[in-house]
Each structure stands twice: as structure tokens, then as C-alpha cells.
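# Coordinate analysis (summary)
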Amino acid sequence: MLTKTQHSEIMRIYDSYQLESQHDLDERISEVYSKDSEFESIDEQIAEASVEYAKKRIRGGGENLPPLSETIGKFSDRKINLLKNLGYPEDYLKPRYRCPICQDTGYVGINKCSCFNKLATDMLYSHSNIKNMSADENFNTFRFDFYDDTYIDPATGKTALANAKDAYEKARIFVDSFDKSFNNIFLYGDTGVGKTFLTNCIATEIIAMGKSTIYYTSFELFDMLAKTRFGGDSEDNNVYDAILSCDLLIIDDLGTELPNSLTASQLFLIVNERILREKSTIISTNLAVPAFSEIYSTRTFSRISSEYTFLKLTGADIRVKIGNKSQLSRR
């Protein structure tokens with residue numbers, strides 16, 4: 001779902017399309033006027049006929065007039081013949097739209113045109129802050145062979161592979177039910193076990209659905225909020241509204257920022273307000289659950305534990321495994 005600001009931005013794009021189309025048409029009209037003055041004379045006659053028709057209809061008694069379309073049609077046929085004589089195609093004086101379906105308005109009747117949905121998806125992606133996300137990070141490329149099937153995690157009683165499969169399946173359920181039910185995810189585990197990869201898999205699907213998605217690392221989020229809070233940054237007066245109202249907010253690597261009373265209070269505000277608005281949130285962290293509760297307060301953890309699905313990824317650092325495989329392949 002687009003915010004009002006995003007919708008207005010898209011409509012400004014369509015305004016610019018229409019201005020470009022009109023400018024292009026005006027240039028072509030000027031061109032044919034210079035080739036044959038009869039074009040301009042015909043346009044003047046069309047304008048005069050339209051005005052005269054309107055006057056007679058307003059005054060009454062115009063019921064017996066021939067349809068205006070019939071009169072204009074005769075003039076249009078004459079213009080087409082003139083164009084052909086000059087070697088131009090017969091549609092040379094018709095507007096050229098980027099999208100002929102909606103004629104660069106963004107709407108077909110009351111429904112959004114397919115080109116509007118494409119612009120919206122592109123905008124949602126650019127505003128999501130996931131600019132550096134690899135195109136390869138999606139559910140189809142999620143690899144289970146990086147997760148061990150022997151070591152049992154004492155907290156969950158499952159192997160790293162079983163935890164990964166569970167997280168993967170629940171992430172898919174989160175995406176599939178996004179339009180049907182309100183859900184949140186708290187994804188935790190050691191560094192390098194695939195938490196960011198899995199959140200990117202989810203983000204890719206949600207953005208493709210045309211949902212507004214915002215991604216921040218915890219450092220980026222709290223740094224930006226601090227500047228807005230204390231610096232009065234006017235670059236985006238709707239920063240809080242965007243964070244609180246977007247369809248999906250992803251806070252990655254929570255705990256890597258410098259935690260303090262301000263970040264703790266801001267996290268509670270975001271978590272609580274988004275729950276009240278029923279806007280989905282994904283939080284990933286390297287912190288163990290007891291440490292998270294201690295740093296961000298039991299009040300915040302209580303809200304999260306009652307409204308979020310907890311998913312844990314365990315195992316060795318995948319980046320190290322990939323690095324080791326790359327070194328072996330070069331030997």
C-alpha cells in the first residue's frame with residue numbers, strides 16, 4: 001500500500017508524462033502547419049464549429065443539428081488526406097502516450113492501470129532501503145546444505161537444519177498469509193547463520209505484492225531517528241509516519257547499535273504503535289532472548305513475545321563456510 005506521499009509522487013510522474021506528450025504533439029502540429037496552412041485553417045473551423053454547436057444547444061432548438069462528431073469527422077478525414085499527401089502516417093497528429101491503455105493518467109476508470117502498479121512496485125522497492133540486496137537472495141536460492149544435521153541446539157531441542165527448515169516454512173507462511181492475517185517475526189541466532197538472507201527473501205516477495213516495505217539495520221534506524229528527533233531534519237517530515245505506517249518494517253541486526261534509554265524507548269514506541277495499527281514487523285538480532293529482554297526492557301519484550309512468531313537459526317557462520325569452499329576450489 002502506498003503512502004499519500006508516494007501516491008502523490010507517482011501522480012506527479014504521470015503529470016510529467018502528459019506534459020511531454022502534449023509538447024511532442026505541439027511540435028508535430030507546428031511542423032505540419034509550416035508544410036500546409038490548410039491544417040491550421042481546418043483546426044480553426046473545428047473550434048468554431050464546436051463553439052457554435054454548444055451555443056445552439058444551450059439556447060435550445062438544437063435537436064435537429066447534425067451530431068458534432070459527424071461534423072468534426074469530416075474535417076478529420078480532410079486532415080488525414082493532407083497528411084498522406086505530405087507523406088505522413090494518418091495518426092501523425094494524434095497524441096503519443098507511454099501507456100495507450102490509460103493514456104498516461106494511471107487509471108482506467110476507477111481502477112489502477114497496470115503501468116501504475118509497475119511504477120508503484122518500482123517506487124516501493126527504491127524506498128525500501130534494500131538497494132544492495134542481491135537478486136539471488138530469494139526463497140528459491142535458500143540453501144539448507146549450510147545447516148548441520150547433527151548438533152542439537154539445547155534451547156530449541158532441534159538441529160541447525162531442523163531450525164532452518166522451520167524458519168523457512170514459517171517465513172513462507174508469513175508471506176502467503178500477508179494479506180489475510182496480521183503477523184510479525186522475531187528472528188534470532190548467532191552471527192552469519194542466514195538471518196539477513198531470510199529477511200531479504202521475505203522482503204522480495206512482499207515488495208512484489210505491491211506492499212510498502214522499509215528495511216533498516218538497527219544502526220541506520222536509530223541514527224536516522226536521532227537526527228530527526230534532535231536535528232529537526234526537514235528532508236523528510238514524514239519519517240515517523242513512514243516507519244509506523246508502512247506495510248512491512250524490517251529492523252535488521254538489532255543490538256549492533258549502541259543501546260541506551262533513547263533507543264529502548266524508540267523501539268517500544270515503534271513495536272507498540274505498529275501492533276496497534278496491525279502493521280507487520282520483522283526484527284532480527286544476534287542477541288539471546290534473555291539479553292534482549294535486559295537491554296530493551298521487559299515491557300518491550302512482553303509486547304514482542306505476545307505478538308511475534310519467534311524463529312531461531314543456528315549453526316556455524318555461513319560466510320566462513322562459503323569462504324572455505326572458495327579457497328578449496330582455487331587449490
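Residues numbered from 1 in each chain as written. Predicted model: local features only at pLDDT ≥ 70, side-chain atom pairs only at ≥ 80, totals over all residues. Heavy atoms only, no water.

### Here's the deal with the overall build of the chain
When helices and strands are tallied, the chain shows 12 helices and 9 strands. Summed over its atoms, the accessible surface of the chain is roughly 18500 Å², and 52% of this surface lies on carbon and sulfur atoms. (Helix = DSSP H or I, 4+ residues; strand = E, 2+ residues; numbered from the N terminus. Areas by Shrake-Rupley, 256 points an atom, 1.4 Å probe, with all protein chains shown as cover.)

### As for the nonpolar core
Within soluble globular proteins, side chains that are nonpolar tend to cluster in buried spots. Counting 28 residues, the largest nonpolar core has Phe-139, Tyr-147, Phe-174, Ile-202 and Leu-248 as the members making the most contacts within it. Residue assignment for this core shows that the elements contributing at least two residues are helix H5 (160-176), strand E5 (185-189), helix H6 (195-208), strand E7 (248-254) and strand E9 (309-313). Counting residues per element, this core draws most heavily on H5, which supplies 8 residues. Here Leu-248 is in contact with Phe-174, Phe-178, Ile-202, Ile-206, Ser-212, Thr-213, Ile-214, Arg-274, Ser-280, Thr-281 and Ile-282, once residues within four sequence places are set aside. The next biggest cluster of nonpolar side chains, apart from the first, holds 27 residues, and it includes Tyr-188, Ile-214, Leu-221 and Ala-264. (Core = buried A, V, L, I, M, F, W, Y, C linked by side-chain atoms within 4.5 Å. Buried < 20%, exposed > 50% of the residue type's maximum accessible area, 1.4 Å probe, protein only. Contact = heavy atoms within 4.5 Å.)

### Topic: H5
Counted at 1.5 Å a residue, the expected span for H5 with its 17 residues is 24 Å, and the 24 Å between its end C-alpha atoms agrees. Those residues of H5 lying buried are Ala-160, Leu-161, Asn-163, Ala-164, Ala-167, Tyr-168, Ala-171, Phe-174 and Val-175. Down the axis of H5, the buried set is contained in an arc of 160°. They therefore lie on one face. Exposed and facing more than 90 degrees away from the buried side of H5 are Ile-173 and Asp-176. (Expected span 1.5 Å × (residues − 1). Arc of directions from axis to C-beta.)

### Some points on the environment of Ile-251
For Ile-251, the location among the structural elements is in strand E7. Ile-251 gets classed as buried once you look at its relative accessible area, which sits at 0%. Setting aside chain neighbours within four positions, we find Ile-251 in contact with Tyr-216, Ser-218, Leu-221, Leu-267, Ile-282, Ile-283 and Ser-284.

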